[in-house]
Amino acid sequence: MLHGVIPVNKPAGLTSHDVVNRLRRLSGQKKVGHTGTLDPAVEGVLPICLGQATRIAEYIQSLPKRYRGTLTLGVATDTEDQTGEVLEEQPVGPLEPERIDAVFRKFTGEIEQIPPMYSAVKVEGKRLYEWARQGQQVQRRSRRVTIYSLERTGMEEGEQPRIHFDVRCSKGTYVRSLCVDVGKELGYPAHMSRLIRTESGPFMLEEAFDLDRLEQVANSGEWGSVLTGIGEALRHLPELIVPQSLYTSVMNGRPLHPEQREALATGTLFRVSSEEGQFCALYRMKDEGTAKPEKVFRVR
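Here the structure is a predicted model, which is why all the values come from computation and not from measurement.

## Some thoughts on the sheet that holds strand 17 (residues 291-296)
Sheets are built from strands paired through backbone hydrogen bonds, the pairs being either parallel or antiparallel.
Point 1. One open sheet accounts for four strands, arranged 14-15-16-17; its pairing is mixed. In this open sheet, the two strands that pair with only one neighbour each are strand 14 (239-242) and strand 17. Between one strand axis and the next, the sheet turns through 35° on average, direction left out of account.
Point 2. One ladder, built from five bridges, connects strand 15 (residues 269-274) with strand 16 (residues 279-285); its direction is antiparallel. Following the sheet pairing, Ser273 is matched in strand 16 by Phe279.
Point 3. Sitting on the sheet, helix 8 (residues 244-251) is in contact with strand 14, strand 15, strand 16 and strand 17, with an inclination near 75° to strand 16.

## Some words on empty space enclosed by the protein
Any empty space left between the atoms is revealed when a probe the size of a water molecule rolls over them.
Point 1. Taken as a whole and assessed by the stated rule, the structure comprises one cavity of 30 Å³ or more.
Point 2. Broken down by element, the residue count for the lining of the largest cavity peaks at three residues, all from helix 5 (residues 175-186).
Point 3. Broken down by class, the residue content of the lining of the largest cavity amounts to seven nonpolar, no polar and no charged.

## Some details on the side chain of Arg197
Point 1. Turning to its location among the elements, Arg197 is positioned in strand 12 (residues 190-200).
Point 2. This buried residue, Arg197, is left without a salt bridge; Asp39 holds the nearest opposite charge, at 8.6 Å.
Point 3. Of note is the side chain of Arg197, whose polar atom sits 2.9 Å from the backbone oxygen of Val45.

## Looking at the UniProt feature "active site" (unreviewed entry) in the protein
Point 1. Mapped onto this numbering, the UniProt entry gives "active site" (unreviewed entry) at Asp39.
Point 2. Look at Asp39 and you get partly exposed, because its relative accessible area is 28%.
Point 3. Not counting residues up to four positions away in its chain, the partners in contact with Asp39 are Lys10, Leu14 and Arg176.

Conventions used here
- Residues numbered from 1 in each chain as written.
- Predicted model: local features only at pLDDT ≥ 70, side-chain atom pairs only at ≥ 80, totals over all residues.
- Heavy atoms only, no water.
- Pairing = 2+ DSSP bridges.
- Helix = DSSP H or I, 4+ residues; strand = E, 2+ residues; numbered from the N terminus.
- Axes fitted to C-alpha atoms, helices over the stretch in contact; angles between N-to-C directions.
- Contact = heavy atoms within 4.5 Å.
- 1 Å grid on protein atoms, 1.4 Å probe; cavity = no way out; pocket = protein on both sides within 12 Å on 5 of 7 lines; lining within 4 Å.
- Points joined across faces, edges and corners; volume = space filled by probe spheres on them.
- Nonpolar A, V, L, I, M, F, W, Y, C, P; charged D, E, K, R; others polar.
- Buried < 20%, exposed > 50% of the residue type's maximum accessible area, 1.4 Å probe, protein only.
- Lys, Arg positive; Asp, Glu negative; His and termini not counted.
- Salt bridge = Lys/Arg side-chain N within 4 Å of Asp/Glu carboxyl O.
- Polar contact = N/O pair within 3.5 Å; in protein donor to acceptor, adjacent residues only side chain to side chain.
- UniProt positions renumbered as here; feature names shortened; annotations may be inferred.

In structure tokens:
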């Protein structure tokens, strides 16, 4: 059985579940999952977890994401992106780049967003996109997200200007809605006309594998060339290396009393590895001297 994470370069046109199903077929195993949905029209990094690595999907999913995108002014759509029906069109007057940059700065930091109707958020037991397909608008609660950085990377002028941007944001951010809100601040209808995820947690687009490459790997059986180990996929977490004398205790899920507790504040989640370099478990500091296991991994 395979255990690890594969950063996949998802092409436009496939759902995240399509990619998961493809990896199930290629790897020949059932335990496969993704770490955060990408809309079908969106390309880019989609980390796929296999085997025991499916148990760390939540930790990768909670990390910041980075995208490269394009915002088109003067046109609004019902889906807030290029796949939707046009709701409004309006010619756009001259725009100074400095004004766009100033608006981008307004949206940097913690902001509130209302999830778009065409999204997977559940309201009254149904996905918002199900309500939308029935032609119904429902009340949606706003949510707080963080925009760590938002920068203009280029611009194409015209009656419907295209603004290219780079954004780094927290889990749960709808970049479509960000584009619409930026447009409103500029005084025009807007939609997101392209989006590529360039980073997802520790994984970058440059190291992601396309599906053709993974077909080749499946045929050759060289999965080690594309798999990132579970511990390595969590490299953003601190690591505690335990001596061989504590290995059995860790694998049996017993509490630890790390000597390095001054570097591990209460509440800190950290990796535990053996002296041989084997990733063993995730522990969390519960008080000043005791750490308890959250998950133990037996992958041998």
